[in-house]
2 protein chains.
Amino acid sequence: MAASMNPDLRKERSAVSFNTELLTNVLDGGVERTRRRKEIEALVINDPDFAHEDVNFLSRSQRYEEAIKKSALMVMKLREYGIADPDEIYWFKSVCTGMPKPVLPVDLHYSMFTNTLQNLCSETQREKWLSLASRFQIIGTYAQTELGHGTHLRGLETTATYDPATQEFILNSPTVTSIKWWPGGLGKTSNHAIVLAQLYTQGKCHGLHAFIVPIRQLGTHEPLPGITVGDIGPKFGYDEMDNGYLKMDNFRIPRENMLMKHAKVEPDGTYVKPLNAKLTYGTMVFIRSIIVGDAARSLARACTIAIRYSAVRHQSELKPGEPEPQILDYQTQQYKLFPLLATAYAFHFVGAYMKDTYRRITGNISEGDLSELPELHALSAGLKAFSSWVANAGIEDCRMACGGHGYSRCSGLPDIYVNFTPSCTYEGENTVMMLQTARFLIKSYTQASSGQLLSGMVSYLNDLPGQHILPHQVAGRPTALHINNPSSLVEAYKLRASRLVEFAAKNLQAELNRRRSKEDAWNRTSIDLVRASEAHCHYVVVKLFTAKLSEIGDPAVRAVMNNLCLLYALHGISKNTGDFLQGGILTDAQITQVNQRVKELLALIRPNAIALVDSFDFHDSVLGSVLGRYDGNVYENMFEWSKKSPLNKTQVHPSFHKHLKPMQAKL
Amino acid sequence: MAASMNPDLRKERSAVSFNTELLTNVLDGGVERTRRRKEIEALVINDPDFAHEDVNFLSRSQRYEEAIKKSALMVMKLREYGIADPDEIYWFKSVCTGMPKPVLPVDLHYSMFTNTLQNLCSETQREKWLSLASRFQIIGTYAQTELGHGTHLRGLETTATYDPATQEFILNSPTVTSIKWWPGGLGKTSNHAIVLAQLYTQGKCHGLHAFIVPIRQLGTHEPLPGITVGDIGPKFGYDEMDNGYLKMDNFRIPRENMLMKHAKVEPDGTYVKPLNAKLTYGTMVFIRSIIVGDAARSLARACTIAIRYSAVRHQSELKPGEPEPQILDYQTQQYKLFPLLATAYAFHFVGAYMKDTYRRITGNISEGDLSELPELHALSAGLKAFSSWVANAGIEDCRMACGGHGYSRCSGLPDIYVNFTPSCTYEGENTVMMLQTARFLIKSYTQASSGQLLSGMVSYLNDLPGQHILPHQVAGRPTALHINNPSSLVEAYKLRASRLVEFAAKNLQAELNRRRSKEDAWNRTSIDLVRASEAHCHYVVVKLFTAKLSEIGDPAVRAVMNNLCLLYALHGISKNTGDFLQGGILTDAQITQVNQRVKELLALIRPNAIALVDSFDFHDSVLGSVLGRYDGNVYENMFEWSKKSPLNKTQVHPSFHKHLKPMQAKL
């Protein structure tokens, strides 16, 4: 490969200050994990069964079929290789789909369907359903959202009415708005769905419960009578996925198809209440912490493509008469890309922290200790929103930093974007998530105000007794800021967060003082509440990135990560100067210093930019980008790629003879 | 239509404070123009020839064919109706493509191809080529960018070498990077292209010149020998367009095919220099001012969809026990959408101003007065970048404000985005544009510093003699800010712009003082230069929006526009508080006041929100959105739409029998 490497990239790689492999190990979580990841990736890369056409040239139906083909192949190969660990499945899937964020119609079978069975089945149910699911005799999905109802679960309209005469539930979609809508794999792939419905028995509604509903005939796969099921139509991306609709008309299922680990309905229709089901919290925390990792990976891929291409692409003149420089040498290009590169690293570490914390707390939970759960829940909601919003915008910035070629599907960037952007909405719409975090922050603030000592990430609120103390308290601080010391910057972010939490809390109180209802006051303060949550999350990210530095053993790697961390923190200040100035956290002069230091850091990072994206270690098959190829041979491969465009199958497109020629004849 | 109108929308429309038709007239530029627009739209809406399938369900090749069919039909109908005015053609096209920003393979024939012939042909050439072009006997495009070369024109590699022996030019694409790449309509549609190439004659290179090059055989449409032409492959949107590549191998064209209005090559190969060709400036100004209008229209469409849907959509609880409120009643939703609505109006007025100014200045130019051209050129570059960046992000914010359904193609929002986003790159990459504006600002600053009196939009720099005077000068100003007076806010934006221009100019000088070369100093200041340009453009937008208010005759319309203008200006301050604080332009207390006032304005605008989007007057055929339907009957139509998904053609997708069933058998 080295022999044919683009000379610019070869030059870049020969002049780096650190060993990229060591940084890759840091990202993977150790040498052994890097080895295992590469081993699993190789299983797919070297397997001719997984060779595939470029999906960009296929119709949606073909893309769906290709995804089904890969799903089936993957299920069998994973079985064959005995791969069952979720991380290892993720690695396998990333390569075999050749997609930036792998999407397959069986995704929900693996995740929500199986997890829900595990969590909500009674012992006898579990035995039956999990066994069928693991052998893919039933293929399932999770049907919660409806055409007219999303985040607000209580609003769901689907009903499950118990009929003691036959010991069945009768499922109905009573309105258009109650049609189940969006679940992945529901349209064409699944033959079963876990359906969330309002449970009615003995004339009373008992709220939402989960039911396992067969929707297609085993064997023939035809929809069952009383079931209307189909694909919801094309979307912004996700062509591979048959997001579906499901309408049920007096569709009967046996009583045993209600998932009865917690609540139960007796044969005679008696409803048995669940015990407190706080543990379902845990799954949400887990899934949201995975999204933080997705944000990191998707942004890392976009950065890899944009930064490599910026080293290969030459344009304009910096000095008259000299050759066109690499566009990566333009300060504006560095300013677009390097803060995003730093962000990708930051989110990677935050995602890993969330996953570890989840594991630790799950341990505590099984020992009955739920004390840390509320904070983790709030944090995971906010960080999910914070990281997905930032990555979402950042991926597009990377795409646009590639000029015209960023618009071509061969860049891979449009697909990274459309695959990632739903993360801002699914598993909790981002603004709603931010407000959940805000609820925790306000509660913590109130507790601190009443003298309670807080622990965890919100402990900074202990210094804020809810009075007008902050500005005086920090009067001496600005001069103490050390612009080259990440820990000092963590302090600045902490002060910003506490100021904005206090600001929101006071505005909320002021609205209450105007005799507004609690809900109305909350709504009228929600802009401030979201800002407070964002500032809190931003602080957490800076804090965790900074904390990671001390864990890095290799001095050369630590030095370069230190610069990235500084860039992340200082760039964030320069983009939110008002917050830091208004709070008296930083002075005018310090802001000017921050802006200057950001520029210096761009220049410091520049020589290692390629090494920093190489360290993400995305194999070309995972990256799926002509612009981001490891060897940098961009242009010849773009030309080869374009020749395969379906429009090039004939020299003259049929529409010429059908439409253009007759028009010419008439004019 | 009213009979079946969604009750929420009916209620909204019954409670507005102004006559939407009057505001529509303001937007169109008068009653008569509104009438004519509707008349032209009706020509298409009522014409069964233009009935078409939903393009969302077609493959790319089918979409291209559909676009060719529409192109041919449109060309014939425009001829039949005698419609030739560019605005009227735009109106016609918007409806007949049913696309948010109409894209057709013949677009470049209408615009760049015909314009270039008009501007660069000699008298005899014009007669020949324009006549062929207007009858579509030749279909043309404009081939400038190459695989390896975009914005920097001098870097283009295509060569046209004159051979006096045969009196021909020999065209060559000497490298992979020199292949012409991206021109719309080049891949399959055009039989001629205007090719920009480096002209060589008598052994000397004379730089870029334009040549008219036949690429396909008239009649058969087969590519000519020596020509390699095709489609560059799928992109992020623009499926209708055959953006193409063109490779030429010793391809000969007659000497007369060089466009010879300015420069000439004599039969013996003697090169005759052009006179000063400053006038080509004009076309760029015109096209960039059209992009400002595009930004306004695209954002207006996205706002129309998101705001109407937010009035129809109900979710969650504001008050326990009460029905779910319209999501438009959430402050966070208003905060997402109303500033964008205000921006759409602002850009609309800026676009109209640019177009008028262009017309006026074109008049001056034909009388030999070029004095205003440099400023207009700089302004159009900056405003193109400013408005397209803001609209680009804003369209996505609108999409995400629609929750899950914003991701469905039936919302129309993904198409608005992918159709609009290339505006950030084409006709001058945005960062490059911002730096062009900065060059003008720095030049103006230098002129003002040396005592020259500036006029036009940069006249505020007259108050800045380049010394450290600003902070003292404005010391008294903050208290004078009237938060409810748009003119007072214009002053604040002016001070911000002048501060940032001065800041950039000083940083540039400081780099020069460090003995950096001019180019290097410019590069090392470019972050500051872009910021200065943005602040300048922002000031211009606030200023023009404010100026428009006094032109609005109807008091009710003026009142609501006044609130929108205030929201635009105050929201801009609240998003850039650092600039206003650091410059001493506003105090901490004023910023807090601004934030509070923004919230109040959201509540004030809320009752007119639907009327404000209705005033844009997008016919449903133009809007192309199920979520944004005028009648608000969203859910039933989403369900109907989804049934047409190609995946629903059969109940069981063939991939089940091919892949899933065999897999199940093996497990």
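Small disclaimer: the values here were computed from a predicted structure and weren't measured.

Could you give me a rundown of the overall build of chain A, with the residues and numbers involved?
When its secondary structure is counted, chain A shows 23 helices and 11 strands. A compact globule built from 667 residues should have a C-alpha radius of gyration of about 26 Å, and chain A, at 27 Å, falls within 12% of that. Its C-alpha atoms put chain A at 85 × 80 × 65 Å along the principal axes. For chain A, contacts bridging at least 24 residues in sequence account for 73% of all contacts bridging at least 6. A total of about 24,300 Å² of accessible surface is found on chain A, and carbon and sulfur atoms cover 54% of it. Looking at chain A, you have 72 positive and 67 negative side-chain charges, and the mean spots of the two groups are 3 Å apart.

Give a detailed account of unusual backbone geometry, specifying residues and quantitative values.
All names here are of chain A. Backbone geometry places Phe136, a non-glycine residue, at a positive phi of 55°. Assignment of secondary structure puts Phe136 in the loop between helix 7 (123–134) and strand 1 (140–143). The backbone of His221 shows a phi angle near 70°, a positive value even though the residue is not glycine. Note that His221 resides in the loop between strand 6 (204–214) and strand 7 (227–231). Under the relative-accessibility criterion, His221 is labelled buried at 1%.

Can you tell me about the interface of chain A and chain B, naming the residues and giving the values?
Frequently, the measure chosen for interface size is the accessible area removed from exposure when the parts meet. Facing 133 residues of chain A, the contacting portion of chain B comprises 134 residues. Buried area between chain A and chain B, summed over both chains or domains, comes out near 11,400 Å², and the portion from carbon and sulfur atoms is 60%. Between chain A and chain B we count 6 salt bridges in total. Taking the shortest distance from any N to any O, the salt bridge between Lys336 of chain A and Glu429 of chain B comes out at 3.4 Å. Linking chain A to chain B there are 64 residue pairs in polar contact (both at pLDDT 80 or more). Split into classes, the residues belonging to the side of chain A that touches chain B amount to 47 nonpolar, 51 polar and 35 charged.

Could you give an account of the UniProt feature "active site" (unreviewed entry) in chain A, with specific residues and numbers?
All names here are of chain A. Sequence positions flagged by UniProt for "active site" (unreviewed entry) are, in local numbering, Glu427. Its place among the elements puts Glu427 in the loop between helix 11 (413–420) and helix 12 (430–449). Contacts of Glu427, omitting those with residues within four sequence positions, involve Ile287, Arg288, Ile291, Lys384 and Met433.

Describe helix 2 (residues 20–28) of chain A, listing the residues and the values that go with them.
Residues and elements named next belong to chain A. For helix 2, the full list of buried residues reads Leu23, Thr24, Asn25, Leu27 and Asp28. Along its buried surface, helix 2 packs onto helix 3 (31–45), helix 9 (331–366), helix 17 (555–575) and helix 20 (609–614). The opening residue of helix 2, the one whose side-chain oxygen lies 2.9 Å from the backbone nitrogen of Glu21, is Asn19. At the C-terminal side of helix 2, Gly29 shows a positive phi close to 95°.

Describe the pattern of salt bridges, and please don't skip the residues or the numbers.
Any two side chains of opposite charge can pair if their charged atoms end up close together. Evaluation of the coordinates by the stated rule reveals 90 salt bridges over all chains. Between Arg629 of chain A and Asp631 of chain A there is a salt bridge, and its shortest N-O distance comes to 2.9 Å. Judged by its relative accessible area of 22%, Arg629 of chain A falls in the partly exposed class. Among the salt bridges present, the one from Arg514 of chain B reaches Glu511 of chain B, with a minimum N-O distance of 3.1 Å.

I'd like to hear about the relation of the copies chain A and chain B, residue by residue, with values.
Taken as rigid bodies, chain A and chain B are interconverted by a rotation of 180° and an axial shift of 0.0 Å, the fit giving an RMSD of 0.0 Å. The operation mapping one copy onto its partner corresponds to a two-fold rotation axis. Measuring from the rotation axis to each C-alpha of chain A, the shortest distance belongs to Gly578 of chain A, at 1.9 Å. Interface residue correspondence from chain A to chain B reaches 100%, placing this contact among same-surface, isologous pairings.

Residue-level account of the side chain of Thr431 of chain A, with values.
As for its position among the elements, Thr431 of chain A is in helix 12. Once residues within four sequence positions are removed from consideration, Thr431 of chain A is found in contact with Trp389 and Val530 of chain A together with Thr332 and Lys336 of chain B.

A description of the sheet that holds strand 7 of chain A should follow, citing residues and the corresponding values.
Taken together, 3 strands build an open sheet; the order of strands is 4-8-7 (chain A) and the sheet is antiparallel. A single partner strand is all that each edge strand has here, and the edge strands are strand 4 (180–181) and strand 7 of chain A. Two strands pair when backbone bridges link them, and strand 7 of chain A and strand 8 (residues 244–248) of chain A are joined in this way by 5 bridges, in the antiparallel orientation. Considered in strand 8 of chain A, the bridge of Val229 of chain A is made with Leu246 of chain A. Running at roughly 115° to strand 8 of chain A, helix 22 (residues 634–643) of chain B makes contact with strand 4, strand 7 and strand 8 of chain A of the sheet.

Cut-off values and rules
Residues numbered from 1 in each chain as written. Chains lettered and ligands numbered in written order. Predicted model: local features only at pLDDT ≥ 70, side-chain atom pairs only at ≥ 80, totals over all residues. Heavy atoms only, no water. Helix = DSSP H or I, 4+ residues; strand = E, 2+ residues; numbered from the N terminus. Rg over C-alpha atoms; globule rule 2.2 N^0.38 Å. Contact = heavy atoms within 4.5 Å. Areas by Shrake-Rupley, 256 points an atom, 1.4 Å probe, with all protein chains shown as cover. Lys, Arg positive; Asp, Glu negative; His and termini not counted. Charge placed at Lys NZ, Arg CZ, Asp CG, Glu CD. Buried < 20%, exposed > 50% of the residue type's maximum accessible area, 1.4 Å probe, protein only. Buried area = accessible area lost by both parts, 1.4 Å probe. Salt bridge = Lys/Arg side-chain N within 4 Å of Asp/Glu carboxyl O. Polar contact = N/O pair within 3.5 Å; in protein donor to acceptor, adjacent residues only side chain to side chain. Nonpolar A, V, L, I, M, F, W, Y, C, P; charged D, E, K, R; others polar. UniProt positions renumbered as here; feature names shortened; annotations may be inferred. Least-squares fit on C-alpha atoms with pLDDT ≥ 70 in both. Pairing = 2+ DSSP bridges. Axes fitted to C-alpha atoms, helices over the stretch in contact; angles between N-to-C directions.

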